[in-house]
Amino acid sequence: MKKLYFSAALLLCLVILAGCSKNKEIDTKNIQKDTFLIKKDSSIEAGTVESFDKGYYDVKELDKYITNKLNRYNTAAGAETVTKKSLELKNSKAVLVLTYKALADFNGFNKTDIKLLTTAAAMSGDTEIPQSFTAVKKHKTVTADKALENSKYNVLIVKENLDVLLQGTIKYYSGGTLVNKHNIQTADTGSTFIVYKP
């Protein structure tokens, strides 16, 4: 009987630890597509997956090109705001993971326009938002007013096709395909709106 209780307690601890460590970083072993992780401190980790199947491709040259691009961006920014975490070759694909000090650096480096807003800013009228959202908890449709009523939530607006990971909990979304409460695959076209609790 004691053994049974011990096993149950051990399993519970493992579940708790797994939950706490959810999306701490991008797992380069499992990454299959371009991936975007926003952390609790608002820093960004992003992985890019590109085909690297030609005989004349050279990973050293690619690494040199990436390093030069990072140096140019950071010099212009006046600080090291974008850094290379890893570059690996896996199954004829190059997997690059970069870290960004803030979303502005991600947008600046990649020439994208991902937005991170408070719910109040999203409701201000400056940003066009959908009239309805899907609630993660009950999978039912709610109004924008309902989805954005909690001032403690953030709103992430993504136009790019990305696998989005959050160190937070998705509460409502519009567009894209929900994977779980910490992960959503954005839509192929148009914008995906993600309301989440940081």
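Each remark here, short or long, concerns the structure printed above.
Residues numbered from 1 in each chain as written. Predicted model: local features only at pLDDT ≥ 70, side-chain atom pairs only at ≥ 80, totals over all residues. Heavy atoms only, no water.

Caption draft 1: Layout of the sheet that holds strand β5 (residues 115-118). Spatially, the six strands line up as an open sheet ordered β5-β8-β13-β10-β6-β7, and their pairing is antiparallel. If you trace the sheet from one side to the other, it starts and ends with β5 and β7 (141-143), each paired once. For this sheet the average axis-to-axis angle between neighbouring strands, irrespective of direction, equals 30°. Where strand β6 (residues 132-135) lies against strand β10 (residues 169-174), two bridges are found, and the strand directions are antiparallel. Following the sheet pairing, Thr-134 is matched in β10 by Tyr-173. (Pairing = 2+ DSSP bridges. Helix = DSSP H or I, 4+ residues; strand = E, 2+ residues; numbered from the N terminus. Axes fitted to C-alpha atoms, helices over the stretch in contact; angles between N-to-C directions.)

Caption draft 2: Summary view of unusual backbone geometry. A positive phi is found at Ser-42, a non-glycine position, where the angle reads about 75°. With respect to the secondary-structure elements, Ser-42 resides in the loop between β1 (35-38) and β2 (44-51). With a phi close to 55°, His-139 is a non-glycine residue in the positive phi region. Mapped onto the secondary structure, His-139 falls in the loop between β6 and β7.

Caption draft 3: Region of the structure containing the packing of aromatic side chains. Under the criterion given, the structure shown has six aromatic pairs. Measuring from centroid to centroid gives 4.9 Å for Phe-52 and Tyr-57, while their planes differ by 45°, and the two rings are tilted. Judged by relative accessible area, Phe-52 falls into the buried class, the value being 16%. Pairwise contacts between aromatic rings join Phe-36, Tyr-73, Tyr-100, Phe-106 and Phe-109 into one cluster. (Phe/Tyr/Trp six-rings, centres within 6.5 Å; stacked < 30°, edge-to-face > 60°. Buried < 20%, exposed > 50% of the residue type's maximum accessible area, 1.4 Å probe, protein only.)

Caption draft 4: Structural view of the pairing of β2. Examined bridge by bridge, β1 and β2 share four bridges and lie antiparallel to one another. Following the sheet pairing, Thr-35 is matched in β2 by Gly-47. Linking β1 back to β2 in an antiparallel pair, the connection comprises five residues, with Ser-42 at a positive phi of about 75°. Inspection of the sheet shows β2 paired to strand β4 (residues 93-100) by eight bridges, in the antiparallel sense. Bridge pairing in β4 links Ser-51 to Lys-93.

Caption draft 5: Expanded view of the pattern of salt bridges. What the rule picks out here adds up to seven salt bridges. Asp-63 is the salt-bridge partner of Lys-84, the closest N and O atoms lying 2.4 Å from each other. Residue Lys-84 is found in strand β3 (residues 82-90), and its partner Asp-63 is found in helix α2 (residues 59-77); the two are separated by 21 residues along the sequence. Shared partners join several salt bridges into a network, and the residues in it are Glu-25, Lys-39, Glu-45 and Lys-85. (Salt bridge = Lys/Arg side-chain N within 4 Å of Asp/Glu carboxyl O.)

Caption draft 6: Inspection of the environment of Ser-174 at higher detail. Positionally, Ser-174 belongs in strand β10. Judged by relative accessible area, which is 16%, Ser-174 ranks as buried. With twelve residues separating them in the primary sequence, Ser-174 and Thr-186 have C-alpha atoms 9.4 Å apart. Residues in contact with Ser-174, not counting those within four places in the same chain, are Pro-130, Ser-132, Phe-133, Ser-191, Thr-192 and Phe-193. (Contact = heavy atoms within 4.5 Å.)

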